[in-house]
Structure formats: C-alpha cells, structure tokens
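Reading the structure
Spelled out, the chains give:
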Amino acid sequence: MSRAKPAGGNDPSADWSRDECQCELLGPQRTSTDAVRRSARLAKFHVPEIVFGPGSLAELGHCAARLGGRRPFLVTDPGLLEAGWVDEAVAHLRRAGLRPVVWSDVTPNPKDHEIQAGFERYAASGCDVIVGVGGGSVIDAAKGVAILSGNGGHILDYEGVDEVVQPIPPTVMVPSTSGTGADVSQFAVITDTTEHIKITIVSRTLVPEISVIDPRLLTTMPSWLNAATGLDALTHAIEAFVSRAHNPLTDGHALHAVELITQNLLRTQVDPRDFGARLAMAQAALEAGMAFTNAILGATHAMSHQVGGLLDAPHGVVNGVLLPHVIRFNAETWPDRFVALGAAAGLPVDGVPPHEAAEQLADLVRALADDVGVPKGLASLGVAERDVPTLARTTLKDACMATNPRDVEVRDVETLFRAAL
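Residues numbered from 1 in each chain as written. Predicted model: local features only at pLDDT ≥ 70, side-chain atom pairs only at ≥ 80, totals over all residues. Heavy atoms only, no water.

Here we come to the overall build of the protein. What the protein contains, in helices and strands, is 15 helices and nine strands. In summary, the protein has a C-alpha radius of gyration of 20 Å against a globular reference of 22 Å for 421 residues, a match within 12%. On the principal axes, the C-alpha backbone points of the protein span a range of 60 × 55 × 45 Å. A burial count over the protein gives 59% of its 421 residues as buried. When contacts within the protein are restricted to residue pairs at least 6 apart in sequence, long-range pairs at least 24 apart make up 77% of them. (Helix = DSSP H or I, 4+ residues; strand = E, 2+ residues; numbered from the N terminus. Rg over C-alpha atoms; globule rule 2.2 N^0.38 Å. Buried < 20%, exposed > 50% of the residue type's maximum accessible area, 1.4 Å probe, protein only. Contact = heavy atoms within 4.5 Å.)

Dropping the structure here:
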C-alpha cells in the first residue's frame, strides 16, 4: 500500500510520545537544550479565518463581500431550508448588496452525480464565492463544486492527497452540526456511486477562507444527528492526537476537544436547550477540526468511510461503533499517547499502566455511545460478514490510513471489522 504524505511535512515515523519530545518550553530548569532541539520539528498549522459565537451568522454577507463576492453560490440541503437558517443567511447576504443563488440538492454522504449537478448549476449561474450552510455533507458538496469549477474533470479524479492542483473559488462555510470539522478542514469525502465506496480528497486548497460558527444553528439538529456528529468530533480529536503526523500545535486542541465533548455531548442530548453545552460542543468541534486537518486521522476514519460508501450510513454513528476497537488495536503497540487522552476525558489514569488507560478510554467511548443511542455493532447498520473482505481491501486505500500510529495489514482490518459486527 502506498502511504500518503502527512500534512506539514512531518516524518510519519516520528514518535512525539517519547519523554524527550514532551518538553514544555518553560526554560532550562525544565528541559535540556538537546531536548528542545529534538522537539523542534517543522510543523505547519493551516486553518481558516474563524468567526465564532452566537449571532455570528449576521457576519456572513460581510465575509462573502470581503472575498470579492457579488453573486454567492449558497449550497445547503432541505433540512436547513426547513429550519429557516437559509432564509436568514440569504437575508444577510442581500443586506451586504450580494445576489445569492441557492442550491439545495444535497443528500447525506454527498454523491458524485450531485457534485456534478451542483457544478453545472454554479457554472450556469455566473456565481463567484461559494458558501456552504449545513453539516459535513453540505460542506463537502460545496468543496466538490469548488474543485470542479477550478480544475474541471470529474470529482472522482481528485481522490487522494494533493491532487487538486489549480486554485478554487473562495469559500465561506457555516456549520450546522457540532462534529464534522469540514468547515475548517482540508478534507472532502464524496461517495462513488458506481463502486459504492467513499473517496477522500485531501488538499490544502480545500481549507475554507472563512468559517462562520454560530452555535444557534446547532439547536435545530435532530438528536440522532447531534449524537453522530458529536462522536465524529470525538473521533477526530482522539485520532489526531495519536496520529503519526501530530505535533505540539495540534495536541492541545485535540485534548481540549476531548475534554469538552466528554463533558457536554450527553448534556446536549438530555437537554437540547442547554445553550452552554451547545456552545461548548461548537468549540469542541472547531478544535477537533483544527487538530485533525493538520495531523490527519487514522484507521477508524479509513474504515468508516468504506461502510458509509457501502450503506450510506451516518458517518459519526459508524465512527462511534469502530473507535473503541481501533483504540484497543493501536494501544497494543502505541499505548502511551492514550494516557493523556484518558486524563482529558476525566479518567483516573495517574499511575495507571498505559495499556490500562487505553482500555479505560475505549470503555468510556463505548459507554458514551450507549448513552447517546448508538448501536453496539455494525451488523445493526446492515454490514454482513460477506462484506468484510471488500471493506478491508478498500480501507487500505484510504488516505486516512497513512497516519494511523500502528502499521495495518488487510488481515488486521478484517479482524477489526469482525470484532465490530
């Protein structure tokens, strides 16, 4: 299997978990000069301009205008139209003197033919700036339209890392869920409807110019989507922290996201009107997104993409099922990183052997998934034993596998899928 190059030029074999690489840069009394030199590897951190807070949707028109917009192409879906957020977004765009065009033919796990249809509508309408208002599927669709408008061809041509070589139109993203991280990431995930798989497109051109994060939009999510996207954010944070490409710039965001999610996701399920918890989850999704777009992900996402492509299943739900199994698998050879994750999740890990801390974290993730109503196994989502060989084979081709902390072979993936059934 060819291994994709991690973001930021980091050495995939680098082990930042070793003690000498965990210096806190607090002065010579805490660490040696040699330790500082060993920890000072090249690290890049690429994120959009971020407008965050209740009511920030009102800034949308100003944001689009600053990027040169005159006729924004607003990508959304029927649920956001029904909830009223599109009307508000359009009003803000018009108030700034812009003439938006709305395209809402996006379904969950956006399909290759939907991207083509969206691009044709974009090209025919004479639009410029692309605005996404919605969850991860909407934002990925908006990115797909942007890719085709700047590069041509078919969206499936761009699978992999750094295949988008030409500039794309400016993009402004407004997330309506607390988990996908698509509004700050260099990823787009599209369903290949012929092969029934999801492809992952990774390119720094896909990081939006501006992300407008208004926690008010989270209040209209159905509970199943709130649970799914919250578990997706937790998976982003955990996989980013143990990724081969993690670095000190991503670690703090990943750990804080774990803390916020484990403290607040269930609160948003029990009381959807708890705005403090909603605000915390919005920040958690943002921080997890900033971590994973720079550190990339791992086996959980590589596997989840294949299930989503096969069954059109909710991505975050699949992550919630798979993540505990992948934690245990990775901890067999790289347990140390899971200690800090366990502490961030509020587990009593002081003095606990790393393998036990990892097991505690896996148990906590499964317990949280239970609490928010996620099934215990993939079989309940429609995955069958006969699907495992194909799912395992396509998993190894996913770009996210390149930064999993443990080397993975096809038989390992088959074992993980069977354990998760």
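The rest of the description comes next.
Examined against the element boundaries, R244 turns out to sit in the loop between α7 (223-242) and α8 (248-270). Within polar-contact distance, the side chain of R244 engages the backbone oxygen of N404 at 2.5 Å. Of the polar contacts made by the side chain of R244, one reaches the side chain of D407; its length is 2.4 Å. (Polar contact = N/O pair within 3.5 Å; in protein donor to acceptor, adjacent residues only side chain to side chain.)

Let's shift gears to unusual backbone geometry. Negative phi characterises most residues that are not glycine, and trans characterises most peptide bonds. For N109, which is not glycine, the phi dihedral falls at a positive 55°. Mapping N109 onto the fold places it in the loop between β3 (101-103) and α5 (112-125). The phi angle at D312 is positive, at roughly 55°, despite the residue not being glycine. Looking at where D312 falls in the secondary structure, it is placed in the loop between α10 (299-311) and α11 (315-331). On the basis of relative accessibility, which here comes to 39%, the residue D312 falls in the partly exposed class.

A few words on α7. Look at α7: 29 Å from first C-alpha to last across 20 residues, which is about the 28 Å you get at 1.5 Å a residue. Along α7, 17 of the 20 residues are buried, which leaves the element largely enclosed by surrounding structure. (Expected span 1.5 Å × (residues − 1).)

A few words on the sheet that holds β3. Reading across the sheet, the six strands line up as β1-β9-β6-β4-β2-β3 and stay open at both edges, with parallel pairing between neighbours. A single partner strand is all that each edge strand has here, and the edge strands are β1 (49-52) and β3. The average undirected angle you get between the axes of adjacent strands in this sheet is 20°. Relative to strand β6 (residues 171-175), strand β4 (residues 130-134) runs parallel, the two sharing five bridges. Of the residues in β6, the one forming a bridge with V131 is V172. In the packing of α5 onto the sheet, contacts are made with β2 (73-75), β3 and β4, and the angle to β3 comes to roughly 170°. Most of the contacts of helix α6 (residues 136-151) go to β4, to which it runs at about 165°, and overall it touches β2, β3, β4 and β6. (Pairing = 2+ DSSP bridges. Axes fitted to C-alpha atoms, helices over the stretch in contact; angles between N-to-C directions.)

So, about the nonpolar core. Residues I238, I327, F338 and F417 are the most contacted members of the largest nonpolar core, which totals 72 residues. Element by element, the count of residues in this core is highest for α7, at 10 residues. Residues in contact with F338, not counting those within four places in the same chain, are I238, V242, I327, N330, A331, A357, A358 and L361. Listed in part, the 28 residues of the second largest apolar core include V101, V106, I115 and Y158. (Core = buried A, V, L, I, M, F, W, Y, C linked by side-chain atoms within 4.5 Å.)

What follows is about the packing of α7 against α10. The interhelical angle for the contact between α7 and α10, taken along N-to-C directions, is 140°, at an axis separation of 9 Å. By the criterion of interaxial angle, the relationship of α7 to α10 is oblique. Judged by residue contacts, D232, T235, H236 and E239 of α7 engage A299, T300 and H301 from α10. Considered class by class, the residues forming the contact of α7 with α10 number one nonpolar, four polar and two charged. (Parallel < 35°, antiparallel > 145°, perpendicular 65-115°, else oblique. Nonpolar A, V, L, I, M, F, W, Y, C, P; charged D, E, K, R; others polar.)

A separate point is the sheet that holds strand β5 (residues 160-161). One open sheet holds the three strands; their spatial order is β5-β8-β7, and the pairing between them is mixed. Each having just a single partner strand, β5 and β7 (187-192) make up the two edges of the open sheet. Contacting β7 and β8 (197-202), α10 runs over the sheet at an angle of about 130° to β8.

What follows covers the environment of D363. Mapping D363 onto the fold places it in helix α13 (residues 354-371). Among the residues examined, D363 registers a relative accessible area of 40% and is labelled partly exposed. In the structure, D363 is positioned 39 residues away from P324 in sequence and 6.9 Å away in space, judged by C-alpha atoms.

Moving on to α11. Taking 1.5 Å per residue, 17 residues should reach 24 Å; α11 reaches 23 Å between its end C-alpha atoms and fits that length. Most pronounced at L322, the bend in α11 amounts to some 40°, and the proline P324 follows within four residues. Summarising burial for α11: 15 of the 17 residues are buried, a large majority. (Bend = angle between axes of the 7 residues up to and from the residue.)

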